[in-house]
Amino acid sequence: MNPAFGIGIGTGDAERIDPAWSFMLTVPDACAEATAALQQKGWTPLPALAPAQAAMRDLHLSLPEGVASLHDCDAWYAATLVGNGDVRLVFEGLATFADIWLDDVKLASSANMFRPVECALTLNGHHRLAFVCRSLSRRLSQVEGKRARWRVAMIPEQKLRFVRTSLLGHMPGWCPAVAISGPWRPVHILPARIPHLSDLSIQTSLVGDVGRLSVSFDAASVAAETIAWTCAGQSAQAELRDGRWLLDMAIGGIAPWWPHSHGTPQLYPLDIEIDGTSHTVMQIGFRSFEIDRGTDGRDFRFIVNGTPVFARGVCWSPPDIVGFPVAREVYARELTLARDAGINLIRVCGTTVYEPRVFHDLADELGIMIWQDAMLANFDYPVGDAHFRAELRLETEAFLTARQGSPSLVVYGGGSEILQQAAMLGLPPERWSNDFIDGELAEIVAACRPDVAYVLNSPSGGELPFVVDQGVGHYYGVGAYRRPLEDARRADVAFAGECLAFANLPSQARLAKRRLDAATPLEQWKALVPRDRGADWDFEDIRHHYMALLYGADPQHLKAQDFDRYVAMGQAAVAEVMQAVFAEWRRPGSRTAGGLVLMWKDLAPSFGWGVVDHSGEPKSGYYALKRAFAPVQLIVSDEGVNGLHLHVVNETDQPVDILLTLDCLTDGQRRVASGEQSMVVPAQGQCSVAATTLLGAFFDTTYVYRFGPPAHDANVVRLIDKSGDALLQEAVHFPLGRGDARHDLGLRAEILREAGDVYLKLATDRLAQTVAIEVAGFLPQDNYFHLAPGRDYLVALQSVASVSEAKGTVSALNGIGKISF
């Protein structure tokens, strides 16, 4: 039975039926029917319904005897339903080959973990509900199909291309070997009396301050004499025509939804009145969105409400790839952390899973744009098979329909690295793609969400899919391909759908907690490092390359001789590279229109690509991006013989009155030249100025002319808000390089408390490079930053645990030892 796509309203927890569930694993096909399974003795009560691996983890269960993997098992679930009357049974996601029974009657089967299953039931007393998710390994062994045009090296099991299941757990080298089996999304049992708007369509658009709202749904899903809708204080009656309730209304005085970097993400409640009884359906927003590809088709720039937006963010990683929680607080914690880092775009890649509605609701509220890939990646999918193609179509329609009215969803993509995979293997252009992602998928998106842009694939758009100066590229020039930092400009990146993947080290405290140090066996250490399958290098090698490039260090020697310094330098190198690349891309004059770092969070405790550790603790890359993504941004660029240029970018909707100061320091402490300039940067505008303008005379700020020995080793630029003398940003340019020397810096730290808030006050006598703060139970609002002398710096500390007193340490890469506070 296929679901009738729609949205339930008024579905409070008190209305739901929440039975107690039991769980059992068997060998494949041990029980063909639920009747036989229910007679087995291996059932275990569950405290809450959960995917099979989460149930095993939480209850310390073992696999059946002789079974090597959860993929080799059938996962059974059963519950007793008690009640009378009609109910709707909704499975939001079952992985992957599932059968469902009520008593001894088979209700439905499913072979797509991404597509919901809905059944109508009539209860009359006590009933036994059971479902099974069959062994993926057994089903894959039975799959037969047309030979692929190419093989995918990163995924050993090539038959996965025939199955609508996630690639998570099947990509050794960057994802742990999890087994997604069972109910990976919630199961709802809802009384039929709860209104359900079937085949609901909500479409919004915005021209000026006039929003247009079009709503329709299947009239058979709600028994009503009259239907009215209310939004933004205006109400209108719907019209019953051709079996559907229809409404089209214009609403004046609408404030647009903006990404948080550029304005307020304004939302409006959408209410329906059914025969005089009002129900809240959802919150919606009004915005315009398009992708500007330029006059020659080479560009890729987001235009939101008529304004160009530099899109910056991350490729998403699910909060927990074992339990797949959908609790609002889980996603609120993740997405608030992302918003606070200045992230205004998240891409959900085709190698992962579709996120639940709460993810999109929070993105709407927080002002974070979403780029959603179809769950298609790398493979040559059998889209010529009618059944497979139909599943893709229904899966896409289900996703888009369930996210009606969500203004944060701005892009829907046809998957990840499919065209790139084919092109890199030498296939001709006519064999890179297929007619589903080339045509039908775009049509589905246009029909369901005409306000969402469709992108063929990531990457795509150039003569070769993987070139980065046209369309969407995956830029790893700086990064995996070990190019110098200048390559970020030389490559002329149009838009980086992925970039800057490193084996990112967590904090020193987190490493100590996991008992990882210089004595850790190499095999155990390397198992925690992401790598491309088959490559003779890994992403720790990439971090090591930039440690050597920036600091002249020998990372392997340093790791053996001074592990703490090895970790500190690795954290510093990643932060410096990430901040430098985005500074170049956001620089006025750059044509780069956005970039997404791979990736948000480690999928397991590891040295993963995540800028956030698996524990939820931000790493050095997170803080570097937070500074690089600020809506009011200070950028310092070394223009060689043209000197040092200073740029201020203001993306906010208000002008900023600022003071720009420059201090040229020798030995990191003595000022040898200085200057300042006031300026007003217009709303959503930018200003650039040469350092010479501030200094009032020639000074070799970049040490390019070399008329004698260098007069200074650091250029410190500060961006100060004149309205309150607040330091907005501080940037340091090193004309002689960063170096590996250490000094007594005179670094000082003390805790301050003001009106219940906690701050760490820092000061230094000598320029401190990559200052690292570690304080148990608190989250520093800035970290891994350079600190110049001459001004105190207050770092807010956010309490994240029940700790009565803030105690910790602060250190600098070029300092000696740690300072306790």
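A. Quick look at the sheet that holds strand S31 (residues 632-638). Ordered in space as S31-S32-S35, the three strands form an open sheet in which the pairing is antiparallel. Each end of this open sheet is capped by a strand with a single partner; those strands are S31 and strand S35 (685-690). Put simply, the sheet's adjacent strands are angled 15° from each other on average, direction ignored. Alignment of S31 against strand S32 (residues 644-650), held across seven bridges, turns out to be antiparallel. Bridge assignment links Asp638 to a residue of S32, and that residue is Leu644.

B. Representation of helix H6 (residues 386-402). Its 17 residues give H6 an end-to-end C-alpha distance of 24 Å, which sits within 8% of 24 Å, the value for a rise of 1.5 Å per residue. Taken across its 17 residues, H6 has twelve buried, putting it largely inside the fold. When H6 is considered as a whole, its buried residues turn out to be Phe388, Arg389, Ala390, Glu391, Leu392, Leu394, Glu395, Thr396, Ala398, Phe399, Leu400 and Thr401. The N-capping residue of H6, defined by a side-chain oxygen 3.2 Å from the backbone nitrogen of His387, is Asp385.

C. View of the environment of Arg88. Among the secondary structure elements, Arg88 is positioned in strand S4 (residues 74-91). You can call Arg88 buried: its relative accessible area is 12%. On a C-alpha basis, the gap between Arg88 and Ile194 in space is 9.4 Å, while along the polypeptide they are 106 residues apart.

D. Looking closely at the pattern of salt bridges. Going through the model one piece at a time under the given rule, you end up with 57 salt bridges. Put simply, Glu395 and Arg164 hold a salt bridge, and the shortest N to O gap is 2.8 Å. Highlighted residues: Glu395 in helix H6 and Arg164 in the loop between helix H3 (136-141) and strand S9 (182-183), separated in sequence by 231 residues. As far as burial versus exposure is concerned, Glu395 and Arg164 are alike and both buried.

E. Unusual backbone geometry, seen in detail. In the segment running from Ala95 into Thr96, the intervening peptide bond is cis, with an omega of -10°. Tracing the backbone shows Thr96 in the loop between strand S5 (94-95) and strand S6 (98-102). In this model, Leu598 is joined to Met599 through a cis peptide bond whose omega is 5°. A positive phi angle is found at Thr770, which is not glycine, with a value near 45°. Although it is not a glycine, Tyr784 adopts a positive phi angle of roughly 55°.

F. Structural detail: the pairing of strand S12 (residues 201-207). Residue alternation in S12 divides its side chains into a buried set, Ile202, Thr204 and Leu206, and an unburied set, Ser201, Gln203, Ser205 and Val207. The pairing of S12 with strand S13 (residues 210-218) spans seven bridges and is antiparallel. Across the sheet, Leu206 pairs through a bridge with Gly211, a residue of S13. Counting the residues that bridge the hairpin from S12 to S13 gives two residues, and of these Gly208 lies at a positive phi of roughly 65°.

G. Representation of the state of the cysteines in the model. Applying the stated criterion across every chain, the model contains zero disulfides. Of all cysteine sulfurs in the structure, the one in Cys133 sits closest to Cys73, which takes part in no disulfide; the separation is 12 Å. In this structure Cys73 comes out as buried when scored by relative accessible area, which is 1%.

H. Structural view of the environment of Trp585. Relative to the helices and strands, Trp585 resides in helix H14 (residues 563-586). Considering only alpha carbons, one finds Trp585 and Phe539, 46 residues apart in sequence, at a separation of 23 Å. Setting aside residues no more than four positions away along its own chain, Trp585 makes contact with Phe310, Tyr475, Ala488, Val493, Ala496, Cys499, Ser590, Thr592 and Gly595. From its side chain, Trp585 meets the backbone oxygen of Ala488 in a polar contact 3.2 Å long.

I. Structural detail: the environment of Ile346. Of note, Ile346 is situated in strand S24 (residues 345-348). Judged by its relative accessible area of 0%, Ile346 is buried. Between the alpha carbons of Ile346 and Ser166 there is a distance of 19 Å; along the sequence they are 180 residues apart. In contact with Ile346, not counting residues within four places along its chain, are Val314, Trp316, Leu335, Phe359, Ile368, Met369, Ile370 and Trp371.

Scoring rules and cut-offs
- Residues numbered from 1 in each chain as written.
- Predicted model: local features only at pLDDT ≥ 70, side-chain atom pairs only at ≥ 80, totals over all residues.
- Heavy atoms only, no water.
- Pairing = 2+ DSSP bridges.
- Helix = DSSP H or I, 4+ residues; strand = E, 2+ residues; numbered from the N terminus.
- Axes fitted to C-alpha atoms, helices over the stretch in contact; angles between N-to-C directions.
- Expected span 1.5 Å × (residues − 1).
- Buried < 20%, exposed > 50% of the residue type's maximum accessible area, 1.4 Å probe, protein only.
- Polar contact = N/O pair within 3.5 Å; in protein donor to acceptor, adjacent residues only side chain to side chain.
- Salt bridge = Lys/Arg side-chain N within 4 Å of Asp/Glu carboxyl O.
- Disulfide = S-S within 2.5 Å.
- Contact = heavy atoms within 4.5 Å.

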